[in-house]
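The residues making up each chain are set out below.
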Amino acid sequence: DALDALKLSIGQEKSDGKVHPLDYIAADFNKDGEVSVWDALDILRYSISMDAPDASWVFLRDDLDTSGLTRHSVKYNEEVLINYSDMQSGLDLVGILVGDVNGTY
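Since we're looking at a predicted model, the values are computed, not measured. (Residues numbered from 1 in each chain as written. Predicted model: local features only at pLDDT ≥ 70, side-chain atom pairs only at ≥ 80, totals over all residues. Heavy atoms only, no water.)

1. A short note on the pattern of salt bridges
Line of reasoning, step 1. Enumeration according to the criterion identifies 4 salt bridges in this entry.
Line of reasoning, step 2. Asp16 is the salt-bridge partner of Lys14, the closest N and O atoms lying 3.7 Å from each other.
Line of reasoning, step 3. A residue is classified by how much of its surface remains accessible, and Lys14, at 8% relative accessible area, is buried.
Line of reasoning, step 4. For Asp16, a relative accessible area of 45% corresponds to the partly exposed category.
Line of reasoning, step 5. Taking the shortest distance from any N to any O, the salt bridge between Asp42 and Arg45 comes out at 3.7 Å. (Salt bridge = Lys/Arg side-chain N within 4 Å of Asp/Glu carboxyl O. Buried < 20%, exposed > 50% of the residue type's maximum accessible area, 1.4 Å probe, protein only.)

2. Focus on a nonpolar patch on the surface
Line of reasoning, step 1. Together, Leu3, Leu6, Val37 and Trp38 give the surface a local cluster of nonpolar side chains, amounting to about 410 Å² of exposed area.
Line of reasoning, step 2. Of all the secondary structure elements, the ones that give two or more residues to the nonpolar patch are α1 (2-9) and α3 (37-47).
Line of reasoning, step 3. The exposure class of Trp38 is exposed, given its relative accessible area of 59%. (Patch = residues over 30% accessible without salt bridge, like charges linked within 9 Å, V, L, I, M, F, W, Y side chains within 5 Å. Areas by Shrake-Rupley, 256 points an atom, 1.4 Å probe, with all protein chains shown as cover. Helix = DSSP H or I, 4+ residues; strand = E, 2+ residues; numbered from the N terminus.)

3. Section: the packing of aromatic side chains
Line of reasoning, step 1. One pass over the full model with this rule turns up 2 aromatic pairs.
Line of reasoning, step 2. Measuring from ring centre to ring centre gives 5.7 Å for Phe29 and Tyr46, while their planes differ by 50°; the resulting arrangement is tilted. With Phe29 in the loop between α2 (21-27) and α3 and Tyr46 in helix α3, this residue pair connects regions lying 17 residues apart in the sequence.
Line of reasoning, step 3. Measuring from centroid to centroid gives 6.0 Å for Trp57 and Phe59, while their planes differ by 15°, and the two rings are stacked.
Line of reasoning, step 4. The exposure class assigned to Trp57 is partly exposed, which follows from its relative accessible area of 41%.
Line of reasoning, step 5. By relative accessible area, which is 46% here, Phe59 ends up partly exposed. (Phe/Tyr/Trp six-rings, centres within 6.5 Å; stacked < 30°, edge-to-face > 60°.)

4. Observations regarding the side chain of Ser9
Line of reasoning, step 1. Within the secondary structure, Ser9 sits in helix α1.
Line of reasoning, step 2. Residue classification places Ser9 among the buried residues on the basis of a relative accessible area of 9%.
Line of reasoning, step 3. What Ser9 contacts, discounting residues up to four positions off in sequence, is Val35, Ser36, Val37 and Arg71. (Contact = heavy atoms within 4.5 Å.)

Next comes the structure, spelled out in structure tokens:
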């Protein structure tokens with residue numbers, strides 16, 4: 001995960017050869033709005049139980065517009081508004097474990 005976050009921070013593809021906009025959310029471990037080498041370092045520190053921010057989950061609507069997500073701009077609205085009509089028809093959410101960049105959790 002740390003290696004893939006590092007790759008994303010310098011504009012490369014992850015080890016699996018893919019980049020999805022939601023990968024930037026997973027890689028922004030310190031949640032400062034961009035993917036940097038500091039995120040990769042924090043993921044590495046967390047993985048070996050050193051002093052690092054705790055991992056957390058982000059839940060977003062499945063239909064979130066991710067077209068603006070880049071390594072330099074990881075800005076999104078975490079607020080999920082649920083209307084009564086959503087409860088009748090169903091609401092699809094996607095869960096992202098921040099720090100799980102390669103999706104192996």
